[in-house]
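# Per-entry structural report
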Amino acid sequence: MSIEVRNLSHVYSLGTVFEHTAIDDINFDVGPRDFIGIIGHTGCGKSTLIQHLNGLLKPTKGTVVVNGKDINKDYPMKEIVKRVGIVFQYPEYQLFEETVYKDVAFGPKNIGFSEEEIEKTVRESIELVGLDFDEVKDQSPFDLSGGQKRRVAIAGVLAMKPQILILDEPASGLDPMGRSEILGYIHKLNKEVGICILLVSHNMDDVADYADKVMVFSKGKLVMYAPPKEVFADVNFLEGIGLTAPDGKKVLLALKERGIDVDTTLFRTKDAIEEILRVVGGKK
């Protein structure tokens, strides 16, 4: 399933003294099975953008086309939410049912899935995020760990069978292990299940490690849309719009400044570690 955004702008409080342009004349395409990272300084328009991609906000100008149809004209909201799922930051705060099963089943039930379909999709969704269905289905979601709650919340969106999944800081606030698990399952959804992923993150390492392409926003403008190798090649550009390079890239640049001959085109943590081991003789 593809997304085509054309000349998209959104102005808050239009015609008042509080008028503010949040996104300004944005254009991009996202293809089926893509994994897209979305980065930018706080207030640059990322959250406004993603709310347009499933009809939560209506454009001041421009169009959002999903699978060849304008979502603001050709899709009823019920159809949009089945195609494009959004997981907002700290989604576990939206858990409310007395059991994990009921929470994950809430969306499918309300869009008319049969009981048989609900049971099948709830089981599949819970297992897709790495939880044991029989172990957790009757538990209260509030008795789970923070990382497990996050996974249940994501399962609730997956149960709607979206073909596009948008996640706003899905690993925020988790410890390193929880962060790695959540992002690993998201990556699996993309590569093994074929769900198109758009990942909003302030963590450059997450984007560097998982994204196929990266959108860079600054002051409401899409200033770059390219593979991560190109985006993270120009550290001065990133710093100029309030961003940083991934940690691996920063370490390699620091070593280069000290006269150590390392490959500073690398940007992923894993690749940086391998490069350092190569240089110090720890790996042949």
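Structural notes, computed from the coordinates. Keep in mind that this is a model prediction, so the values were computed, not measured.

Turning to helix α7 (residues 176–193), a few remarks are in order. Here α7 spans 25 Å end to end across 18 residues, near enough to the 26 Å set by a 1.5 Å rise per residue. By the burial criterion, the buried members of α7 are Gly178, Arg179, Ile182, Leu183, Ile186, Leu189 and Asn190. Along α7, the residues classed as buried sweep out an arc of 125° about the axis, all on the same side. The exposed residues of α7 that point more than 90 degrees off its buried face are Pro176, Met177 and Glu192. As for α7, its buried residues are in contact with β3 (35–40), α4 (115–128), α6 (146–158), β7 (164–168), β8 (196–200) and α8 (204–210). Gly194 sits one or two positions beyond α7 and adopts a positive phi of about 90°.

Attention shifts here to the sheet that holds strand β6 (residues 84–87). Spatially, 6 strands are ordered β6-β7-β8-β3-β9-β10 in an open sheet, and the strand pairing comes out mixed. Strands at the two margins of the open sheet, each flanked by one partner only, are β6 and β10 (221–226). Direction aside, the axes of adjacent strands within the sheet are offset by 15° on average. Alignment of β7 against β8, held across 5 bridges, turns out to be parallel. Note on β8: the bridge partner recorded for Ile166 is Leu198.

Taken in spatial order, the 4 strands of this open sheet run β2-β1-β4-β5, and their pairing is antiparallel. Each edge of the open sheet is held by one strand with a lone partner, namely β2 (20–30) and β5 (69–70). The pairing of strand β1 (residues 3–12) with strand β4 (residues 61–66) spans 5 bridges and is classified as antiparallel. Paired with Ser9 across the strands is Lys61, a residue of β4.

Calculation rules
Residues numbered from 1 in each chain as written. Predicted model: local features only at pLDDT ≥ 70, side-chain atom pairs only at ≥ 80, totals over all residues. Heavy atoms only, no water. Helix = DSSP H or I, 4+ residues; strand = E, 2+ residues; numbered from the N terminus. Expected span 1.5 Å × (residues − 1). Buried < 20%, exposed > 50% of the residue type's maximum accessible area, 1.4 Å probe, protein only. Arc of directions from axis to C-beta. Contact = heavy atoms within 4.5 Å. Pairing = 2+ DSSP bridges. Axes fitted to C-alpha atoms, helices over the stretch in contact; angles between N-to-C directions.

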